[in-house]
2 protein chains.
Amino acid sequence: MTRASTTSRRNAVREALSECEGFRSAQDIYAALRADGSKIGLTTVYRALQALCDAGEVDVLRTDEGEAVYRACRTEEHHHHLVCRDCGRTIEVAGPAVERWAAAIADEHGFSEITHTVEIFGRCADCTGAE
Amino acid sequence: MTRASTTSRRNAVREALSECEGFRSAQDIYAALRADGSKIGLTTVYRALQALCDAGEVDVLRTDEGEAVYRACRTEEHHHHLVCRDCGRTIEVAGPAVERWAAAIADEHGFSEITHTVEIFGRCADCTGAE
DNA sequence: ACGGTTTTGACAACCGTTTTCATTTTGTCC
DNA sequence: GGACAAAATGAAAACGGTTGTCAAAACCGT
């Protein structure tokens with residue numbers, strides 16, 4: 001897991017990403033940086049996100065519409081997310097029980113080289129209250 | 001969960017889907033039907049899949065590349081998938097423990113109206129052996 | 001058979017993402 | 001600091017999956 005190179009553009013993307021609570025699309029980041037006066041290009045945002053992603057500094061997942069959304073993760077360790085579908089607020093959760101369950105299921109059916117995706121979506125307390 | 005209307009084209013898509021073991025993209029289905037001599041259009045395949053999907057007759061999920069893939073599910077009940085990343089063979093698995101875990105995590109953080117995605121990917125015994 | 005609704009398919013439009021390529025910036029060795 | 005090579009950048013074009021448009025065809029109840 002080599003660290004992504006740190007150019008000023010990449011740092012800008014890193015920073016924009018770490019300033020928000022939830023998952024954001026490449027275009028969101030681009031719009032935010034532009035709004036801040038940056039002259040960054042959309043292509044560069046995509047490339048920076050990909051680099052950060054490869055380096056393991058950010059998590060990616062796909063929305064139901066197939067759009068890729070990114071988030072700076074606090075921990076380097078394997079974890080999953082509890083995401084508010086209204087405000088996007090995201091909580092990182094560890095799930096050793098789920099890891100074991102997935103491994104057991106796979107083993108039972110003779111599958112190897114397991115990976116898995118586990119994400120939980122809901123409405124957070126604030127959004128439920130503010131309705 | 002109203003049943004999707006049954007036109008001949010929709011049935012063709014239904015059938016094509018139920019004839020294969022794993023998740024298939026809209027374009028795969030289209031190609032298969034065309035190869036069988038059907039004059040169906042790509043648009044219609046997309047529409048049929050969406051209808052079947054709305055009716056709960058098929059499951060959809062997104063590949064890492066953002067492509068939507070579909071599968072006729074055997075059971076109407078809530079379940080997850082164990083998917084071979086080589087041949088696409090898919091096994092439906094129930095995970096009451098995971099359901100409980102997800103509910104508990106959500107509750108603990110004050111989240112409500114929970115949904116979740118849980119998919120396991122790996123290499124099945126056949127593909128491991130045939131390598 | 002008739003009129004109205006639904007479905008269909010060719011094609012164009014869309015949208016997020018990637019590629020291309022010429023220009024700019026960065027790093028390094030002198 | 002200056003020169004040069006390598007890496008990064010941005011505008012625009014290309015791409016690929018998916019959705020919208022619209023006229024023609026199939027289907028339905030009478």
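Shown above is the structure to which this text applies.
Rules and cut-offs
Residues numbered from 1 in each chain as written. Chains lettered and ligands numbered in written order. Predicted model: local features only at pLDDT ≥ 70, side-chain atom pairs only at ≥ 80, totals over all residues. Heavy atoms only, no water. Helix = DSSP H or I, 4+ residues; strand = E, 2+ residues; numbered from the N terminus. Buried < 20%, exposed > 50% of the residue type's maximum accessible area, 1.4 Å probe, protein only. Contact = heavy atoms within 4.5 Å. Areas by Shrake-Rupley, 256 points an atom, 1.4 Å probe, with all protein chains shown as cover. Lys, Arg positive; Asp, Glu negative; His and termini not counted. Charge placed at Lys NZ, Arg CZ, Asp CG, Glu CD. Near = heavy atom within 4 Å. Polar contact = N/O pair within 3.5 Å; in protein donor to acceptor, adjacent residues only side chain to side chain. Patch = residues over 30% accessible without salt bridge, like charges linked within 9 Å, V, L, I, M, F, W, Y side chains within 5 Å. Salt bridge = Lys/Arg side-chain N within 4 Å of Asp/Glu carboxyl O. Pairing = 2+ DSSP bridges. Buried area = accessible area lost by both parts, 1.4 Å probe. Nonpolar A, V, L, I, M, F, W, Y, C, P; charged D, E, K, R; others polar. Axes fitted to C-alpha atoms, helices over the stretch in contact; angles between N-to-C directions. Parallel < 35°, antiparallel > 145°, perpendicular 65-115°, else oblique.

**Some thoughts on the overall build of chain A**
What chain A contains, in helices and strands, is five helices and six strands. Oriented by its inertia axes, the alpha-carbon framework of chain A measures out at about 55 × 45 × 25 Å. Across the 131 residues in chain A, those meeting the buried criterion constitute 44%. A separation threshold of at least 6 residues defines the contact pool for chain A, and within that pool the share at least 24 residues apart is 49%. Total accessible area on chain A is roughly 7,200 Å²; 48% of this is exposed by carbon and sulfur atoms. The centroid of the 15 positive side-chain charges in chain A is displaced by 8 Å from the centroid of its 22 negative side-chain charges.

**Considering the protein's contact with DNA strand D**
Close to DNA strand D lie 18 residues, the nearest being A:Arg9, A:Thr44, A:Arg47, B:Tyr46 and B:Ala68. Backbone atoms, meaning sugar plus phosphate, form 62% of the atoms of DNA strand D positioned within 4 Å of the protein. In this structure, B:Tyr46 approaches DNA strand D through a side-chain N or O atom, which is 2.6 Å from a phosphate oxygen. Elements with a minimum of two residues in the surface near DNA strand D: helix 1 (8-18) and helix 3 (42-54) of chain A together with helix 3 (42-54) of chain B.

**Looking at a negative patch on the surface**
Residue and element names in this part refer to chain A. Negative charge collects at one region of the surface, where Asp 28, Asp 64, Glu 65 and Glu 67 lie side by side. Inspection of the secondary structure assignment puts Asp 64 in the loop between strand 2 (58-62) and strand 3 (68-72). The exposed category is assigned to Asp 64, whose relative accessible area is 66%.

**A word on the pairing of strand 6 (residues 112-123) of chain A**
In this sheet, strand 6 of chain A lies alongside strand 4 (residues 80-84) of chain A in parallel orientation, the contact comprising four bridges. The residue of strand 6 of chain A that forms the bridge with A:Val83 is A:Phe121. Here strand 6 of chain A pairs with strand 6 (residues 112-123) of chain B via nine bridges, running antiparallel. Across the sheet, the residue bridging to A:His116 is B:Ile120, located in strand 6 of chain B.

**What about the interface of chain A and chain B?**
Across the contact, 37 residues belong to chain A and 37 residues belong to chain B. Buried area between chain A and chain B, summed over both chains or domains, comes out near 3,000 Å², and the portion from carbon and sulfur atoms is 62%. If you sort the residues of chain A by the area they bury against chain B, A:Trp101, A:Phe111 and A:Ile120 come out on top, with a joint share of 22%. The closest approach of N and O atoms between A:Glu113 and B:Arg123, which form a salt bridge, is 2.8 Å. Linking chain A with chain B are 16 residue pairs in polar contact (both at pLDDT 80 or more), by the criterion used here. Elements with a minimum of two residues in the side of chain A that touches chain B: strand 4, strand 5 (90-93), helix 4 (96-108), strand 6 and helix 5 (125-129) of chain A. Here the side of chain A that touches chain B is built from residues that sort into 18 nonpolar, eleven polar and eight charged.

**Details of the sheet that holds strand 4 of chain A**
One open sheet holds the six strands; their spatial order is 5(A)-4(A)-6(A)-6(B)-4(B)-5(B), and the pairing between them is mixed. Looking at which strands have only one partner, the edges of the open sheet turn out to be strand 5 of chain A together with strand 5 (90-93) of chain B. Between one strand and the next, the sheet's axes are offset by a mean angle of 20°, whatever the strand orientation.

**Some thoughts on the packing of helix 1 (residues 8-18) of chain B against helix 3 of chain B**
Residue and element names in this part refer to chain B. Contact geometry for helix 1 and helix 3: axes closest at 9 Å, N-to-C directions at 75°. Overall, the two elements helix 1 and helix 3 adopt an arrangement that is roughly perpendicular. Together, Arg 9, Arg 10, Val 13, Arg 14 and Leu 17 of helix 1 and Thr 44, Val 45, Ala 48, Leu 49, Ala 51 and Leu 52 of helix 3 make up the contact between the two elements. Its residues assigned to classes, the contact of helix 1 with helix 3 comprises seven nonpolar, one polar and three charged.

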